[in-house]
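# Close look at the chain arrangement
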Amino acid sequence: MGKKHSADIRILYRAVYVLVMALLIAHLLGQTDIRPFLQWEEGAVNSASDGWITGDGVTVDTRDVSANKFGGAVILRKQLPQTLSHNDSLCFASSNARITVWIDEEIVYQFNTVENLTGFGYGLAHHIVNLSPEDAGKSVRIGMVSVFSNHGGGRLRSIQICPASTYTHLFVREELVPFLLSFLIMFFGAVILAFHFGLRRKNILPYNMLALGVGTFLIGLWCMVDTGIPQLLTGSIIACRVMDYTLIHMSTYPMVCFISSLTRQKRPIYVHAAFILSSCCVLLLLGLRFFAGYDMHILIPLVYFSYFSPIAIVSVMLADNRRYCRKNNITSNLRHFYVGAAALLLGATTDIAVYLFDIDGLNGHGWFLRLGLCVFVAELMLQLLHWWSNERTSIERDRFVNRVLQYAMSGDDAETRLNATLQYLGTHLHARRAYIFEDMHDGAFDNTYEWCCEGMEPKIDQLKDVPFKDTVEVWYEEYKRSGYVLIYDVNAYHAVSENVFRVLEPQGIETLATAPLEVNGKYIGFFGVDDPPAESMKEISEIIRLLSYFLSQMLLQRDEQRQLIQYSHYDSLTGARNRRAMGEFEQKELDVAVPFGFIMCDINGLKRANDTCGHEAGDALIIDIANSLMEVFGARNVYRVGGDEFAAYAFPKDAAEFDAAVERLRALIVEKGRSASIGCVFSAGGAADLEAVKAEADVRMYVEKEQYYVGRNDRRSDRRLL
């Protein structure tokens, strides 16, 4: 209920936020002074702005007049309005043309191009010719001559008779969308560059962010120059012309470098080819321009080749990378790039169609190309953000795992480290329970380690003998596929496995994440956490996947420690504990202040059995005596202290119980057809001197031993208490 309530609150917050934003936008559009900027103001442009005719009396559309249609030169004329104010001007834009303006027969304005890096073209220029009331009713003519010998490129557009401020307003509004899209592209480039230069450890970046930032910024600046607004606001006509022809060339190489950094297969040949090809095209353009005298406008096919050759190189690069990924069965991780590239291609295709079919209101603005560029760059930034998010998550995950391991290594033995690891894991993953299940090699699994949060009842004693068949087996199959098991809703898991659901459902588990424990390529169990936060499940799965190896190694170390303890504290023949174990018990565990009994037992006839029947028979005799002792006093309390000697501790409530146990031992030995000498001492009030108790039991044992050997030829001599 708490999670659902929190989700409802977030939805409510978003709805209120969207409503407030909608009201704010409505107010800005309808109730502020932005409305006149967005709307066409009737009367702001003199109605006499229309009606321009050529010398042949042909009326022209002044929104776009091409000199090529008139043989490279044209003169437009009309009568000025009968009423003019001191603020009125003749305003228009031209491209790659020499301009002359006459009022009646007087030249009042001339514009001549100057030679620049690209030739004599200048791109777009804005012209403001001041008018006065005295000019009212007079004849005005605009002469346009293309600056190119092939008569191409010369154009007039947006001829208006209005105040200069109105012309600026109208032109900016007309190009506002392309301008804002261009600015957005530049902004993306600036953000990427800021990210690159602000990052301290640049070597961790998987992509060439410097190349992306430079390429994006240059493309955005090129798009902005193409709108004509920088020329209008700054008057820098030649500078914009040079940028218009050079920026796109300068942006192709860094973009190829960036795209190359995205691919799985790194082939430097593509980057080298892009650089060499672009450089050769630019050098050829400059050579033809300065040494052969060609204008770059005449060299448009070569310019276009320079534009499209990097696209061809990138296409080959991506096809090669796709083959490489398929061959190695890896993902390309280029989804964001392909989405952006598709948007860019769609935008460019749409603008070409608009140009070819001369769709009114859209032609010449390049809206869709710029929109496609925005989507393209935005998708690349999303890929960067995706990497950055994954990188930060990976760093935090690695730090967490390192902290877990450091915390776990603080223990003295594997058992302590395993419990410490589960505690840290469960606490910091906000789970209710963390656990380990181990294969008991009998077709079942036991919960061997467990940590529970405060207030949760332990389940370790209940979760024993979990069957492998159709239960743990289901998870093992999923481990082979993905390396972990994530259950976001246990109640829905019965559709996956009814048997697993029957094990989980009584525990009241809602979510679960587990991973296998594996040693030498073989699963030995699994571990996991119950009820971690659902929103953290994916990250938790990666954490437990990383910890799987370390926990498996801890279990392996635990088993090795147990074996070492077995070898150093237990007799390999009988399974009884040895002299070292007895010494450690007496020093660390034995409480000599409470009643206890001590027994010494020496096997009778061991030498005869070895000499006459062989050592196998002697070993069987030793094992029978040891089993008798452990059956009566418990395996933990029996010690083999010599070749044929055993010691044992007993903790009865009184002497009678102790004597009964000793008699039971004698009877068991006789039942097995064996013989042993036994010496025992019961200390009802504890013992101030343990060695004295042990010595007394040893003496009693030897008394019984002497009685056994009376009259026997194989009587042993020179016995000594060890």
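One structure accompanies this document, and this report is about it.

Cut-offs applied
Residues numbered from 1 in each chain as written. Predicted model: local features only at pLDDT ≥ 70, side-chain atom pairs only at ≥ 80, totals over all residues. Heavy atoms only, no water. Pairing = 2+ DSSP bridges. Helix = DSSP H or I, 4+ residues; strand = E, 2+ residues; numbered from the N terminus. Core = buried A, V, L, I, M, F, W, Y, C linked by side-chain atoms within 4.5 Å. Buried < 20%, exposed > 50% of the residue type's maximum accessible area, 1.4 Å probe, protein only. Axes fitted to C-alpha atoms, helices over the stretch in contact; angles between N-to-C directions. Parallel < 35°, antiparallel > 145°, perpendicular 65-115°, else oblique. Left-handed = near helix turned anticlockwise from the far one by under 90°. Contact = heavy atoms within 4.5 Å. Expected span 1.5 Å × (residues − 1). Polar contact = N/O pair within 3.5 Å; in protein donor to acceptor, adjacent residues only side chain to side chain. Salt bridge = Lys/Arg side-chain N within 4 Å of Asp/Glu carboxyl O.

## Some words on the sheet that holds strand E7 (residues 125–130)
- On the basis of which strands lie adjacent, the open sheet formed by four strands has the order E2-E9-E4-E7 and antiparallel pairing. The open sheet terminates on both sides in strands that have one partner only, identified here as strand E2 (65–66) and E7.
- Sheet topology note: the strand E4 (residues 88–95)/strand E9 (residues 155–163) ladder contains seven bridges and is antiparallel. Looking at the pairing, cysteine 91 lines up with glutamine 160 of E9.

## Remarks on the nonpolar core
- Counting 49 residues, the largest nonpolar core has Met209, Leu212, Phe258, Ile259, Leu262, Phe337 and Leu380 as the members making the most contacts within it.
- Taken together, the elements giving at least two residues each to this core come down to helix H4 (176–198), helix H5 (209–227), helix H7 (237–262), helix H8 (268–290), helix H9 (300–328) and helix H11 (367–408).
- Counting 29 residues, the second-largest nonpolar core is a separate cluster that includes Leu418, Tyr424, Trp451 and Ile544.

## A closer look at the packing of helix H18 (residues 615–633) against helix H19 (residues 655–671)
- It is the contact of H18 with H19, at a shortest axis distance of 9 Å, that shows an interaxial angle of 150°. Between H18 and H19, the crossing angle belongs to the class labelled roughly antiparallel. For the pair H18 and H19, the crossing hand works out as right-handed. Residues Ile625, Ser628, Leu629, Glu631, Val632 and Phe633 of H18 form the contact with H19, whose own contacting residues are Ala661, Val662, Arg664, Leu665, Leu668 and Ile669.

## Quick look at H18
- Across its 19 residues, H18 extends 27 Å between first and last C-alpha, which sits within 8% of the 27 Å expected from 1.5 Å per residue.
- Residues of H18 that are buried include every one of Gly618, Leu621, Ile622, Asp624, Ile625, Ala626, Ser628, Leu629, Met630, Val632 and Phe633, and no others.
- Buried residues in H18 make contact with strand E17 (596–603), helix H17 (606–613), strand E18 (638–640), strand E19 (645–650), H19 and strand E20 (676–683).
- Glycine 634, located one to two residues past H18, shows a positive phi value of around 95°.

## Here we look at the side chain of arginine 141
- Within the secondary structure layout, arginine 141 lies in strand E8 (residues 139–146).
- The buried category is assigned to arginine 141, whose relative accessible area is 19%.
- Within the structure, arginine 141 has its side chain in polar contact with the side chain of glutamate 105 (distance 3.2 Å).
- Residue contacts for arginine 141: discarding those within four places in its chain leaves Ile75, Leu76, Arg77, Thr100, Val101, Trp102, Asp104 and Glu105.

## Points about the sheet that holds strand E12 (residues 466–467)
- On the basis of which strands lie adjacent, the open sheet formed by six strands has the order E12-E11-E10-E15-E14-E13 and antiparallel pairing. Every other strand in the sheet has two partners, leaving E12 and strand E13 (485–487) as the edge strands with one partner each.
- The sheet contact formed by strand E10 (residues 433–439) and strand E11 (residues 444–452) spans seven bridges and is antiparallel. Bridged to aspartate 439 within E11 is phenylalanine 445.
- Running at roughly 90° to strand E15 (residues 522–530), helix H13 (residues 468–482) makes contact with E11, E12, E13, strand E14 (512–519) and E15 of the sheet.

## Some points on the pattern of salt bridges
- One pass over the full model with this rule turns up 27 salt bridges.
- With a shortest N-O distance of 3.6 Å, arginine 323 and aspartate 320 are connected by a salt bridge. With a gap of three residues between them, arginine 323 and aspartate 320 both fall in helix H9, about one helical turn apart.
- Owing to a relative accessible area of 9%, aspartate 320 belongs among the buried residues under this scheme.
- One continuous salt-bridge network, built from bridges that share partners, spans Arg267, Asp320 and Arg323.

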